[in-house]
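Spelled out, the chains give:
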Amino acid sequence: MQYMMLTSAALLLAMDFAMNKIYQKLRGTSSKTSLLFNSVLGLATAIIFFIVNKFKLSFAPYSAFTAMLMSALVMTYNIIGFRILRQGSMAIYSLFLMTGGMVLPYIWGLVFLNESFSAVRTIGLIIIIVGVSLSNFSGEKINLKQICMCLAVFVLNGLVSIISKMHQIEINYQCVSTIEFVILGGIFKFFIAGFLFLTFKNREGQRCEKNNFSKSLIVIILSAVIGGTAYFLQLYGAKSLPATLLYPFITGGSIVFSTLIGAVLFKEKLSRKLIISVVLCFAGTIMFI
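If you're wondering where the values come from, they're calculated on a predicted model, not measured in any experiment. (Residues numbered from 1 in each chain as written. Predicted model: local features only at pLDDT ≥ 70, side-chain atom pairs only at ≥ 80, totals over all residues. Heavy atoms only, no water.)

K.L.:
Now, about the packing of aromatic side chains: what can you tell me, with residues and values included?
P.N.:
One pair of aromatic rings is described through two measures. These are the centre distance and the angle between the planes. This structure, assessed with the given rule, holds 7 aromatic pairs. Look at Trp 108 and Phe 112: their rings are 4.3 Å apart centre to centre, the planes differ by 35°, and that puts the pair in the tilted class. Remark: Phe 112 and Trp 108 occur in helix 4 (residues 90-112); sequence separation between them is 4 residues, near one turn of the helix. Aromatic side chains Phe 190 and Phe 191 sit 5.0 Å apart centroid to centroid with 65° between the ring planes, which places their arrangement in the edge-to-face category. Across the ring face of Phe 266, the terminal group of Lys 21 is positioned such that the distance to the ring centre comes to 5.0 Å. (Phe/Tyr/Trp six-rings, centres within 6.5 Å; stacked < 30°, edge-to-face > 60°. Helix = DSSP H or I, 4+ residues; strand = E, 2+ residues; numbered from the N terminus. Lys NZ or Arg CZ within 6 Å of the ring centre and 35° of its normal.)

Below is the structure:
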């Protein structure tokens, strides 16, 4: 049952990536467009899950602080990501983002949560890292400034995973329910991304067709449902599953499903390198079962 839940979360994450790609085709890829997407997405997520929760939302200072901190960290690595992507280093950015969200919570679980070490899962983790590297690395040259920004993204996304895990297992402070934590995260994402949208100067020639507004809104709502559900399943899993299992499984699984969805929906060609990468990620993920 737990592995079915993780597999569902990985599939939903891949579907959410597809929603992001569709939105970018409709509205462009500028920083302002991305911030607007995140702000409206946060609001839609909060409203949808507030309705699902029968219009109930309790408050706990620790949960509110954690949700706000996570939203701030996500927005920070998004902004850094904008700068990295301006220089054409999308492959390197994806590599550091994904491995950071997987490796740091894995190490945290071993060192601070006394989670048991498994040689098989550690080998699986290494295989997934190799698969991620193979799928993202394109041999492009990067400078010291880019490396520093990529390392910042690595740490920030890792911290997001660690903080979400720690909230779910917290026993000393009062915490809200999992679905209420999703709502709080959406609220803070709406305000933080909205504030940045209003203050961020667009220097990228933002493309924003008005006739795509209704389609874009539908995509955002779908992303809120799909991404919010995936996030809920991850948080629910974090309550009982060790970090050394949860995050590598989600990462490896989402890579496999993302590749398949890209090939089916967007007719993306599967190169030999990408196929090898997917096979490695699949093999590494299986080793966590």
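K.L.:
Explain the nonpolar core to me, using residue names and the numbers behind them.
P.N.:
Leu 6, Val 132, Ile 220, Leu 246, Ile 250 and Phe 288 are the most contacted members of the largest nonpolar core, which has 36 residues in total. For this core, the secondary structure elements donating two or more residues are helix 1 (2-27), helix 2 (31-52), helix 4, helix 5 (119-136), helix 8 (213-240), helix 9 (243-265) and helix 10 (272-286). For Val 132, the residues in contact, after removing those within four places along its chain, are Leu 95, Met 98, Thr 99, Ile 255, Ser 277 and Cys 281. Of all hydrophobic cores here, the second largest spans 33 residues; its members include Ile 80, Cys 150, Ile 163 and Ile 183. (Core = buried A, V, L, I, M, F, W, Y, C linked by side-chain atoms within 4.5 Å. Buried < 20%, exposed > 50% of the residue type's maximum accessible area, 1.4 Å probe, protein only. Contact = heavy atoms within 4.5 Å.)

K.L.:
Just give me the short version of the side chain of Gln 168, but keep the residues and values in it.
P.N.:
Of note, Gln 168 is situated in helix 6 (residues 144-168). Here the side chain of Gln 168 touches Thr 178 through a polar contact of 3.2 Å, side chain to side chain. In this view, Gln 168 contacts Thr 178, Phe 181, Leu 235, Tyr 236, Ala 238 and Lys 239; residues no more than four positions away in its chain are not counted. (Polar contact = N/O pair within 3.5 Å; in protein donor to acceptor, adjacent residues only side chain to side chain.)

K.L.:
Tell me about the environment of Ala 263, residues and numbers included.
P.N.:
Mapped onto the elements, Ala 263 comes out in helix 9. Along the primary structure Ala 263 and Cys 281 are separated by 18 residues, whereas in three dimensions their C-alpha atoms are 17 Å apart. Once you skip the residues sitting within four places of it in the chain, Ala 263 turns out to touch Glu 268 and Leu 270.

K.L.:
Any chance you could break down unusual backbone geometry for me, citing the residues and the numbers?
P.N.:
Unusually for a residue other than glycine, Phe 55 sits at a positive phi of about 60°. Along the chain, the position of Phe 55 falls in the loop between helix 2 and helix 3 (61-86). Residues other than glycine seldom take positive phi values, yet Asn 114 does so here, at roughly 55°. Checked against the element boundaries, Asn 114 lands in the loop between helix 4 and helix 5.

K.L.:
How would you explain the confidence of the model for the protein chain if you had to name every residue and give the values?
P.N.:
Chain-level statistics for the protein chain give a pLDDT mean of 87 and a share of 91% at 70 or above. Within the protein chain, the element-level pLDDT minimum falls on helix 4, averaging 86, and the maximum on helix 7 (residues 178-199), averaging 95. (pLDDT = per-residue confidence, 0-100.)

K.L.:
So what's going on with helix 9? Residues and values would help.
P.N.:
For helix 9, built from 23 residues, the straight-helix expectation of 33 Å at 1.5 Å per residue is met to within 8% by its first-to-last C-alpha distance of 32 Å. Taken across its 23 residues, helix 9 has 17 buried, putting it largely inside the fold. Lys 267 lies just past helix 9 and shows a positive phi near 55°. (Expected span 1.5 Å × (residues − 1).)

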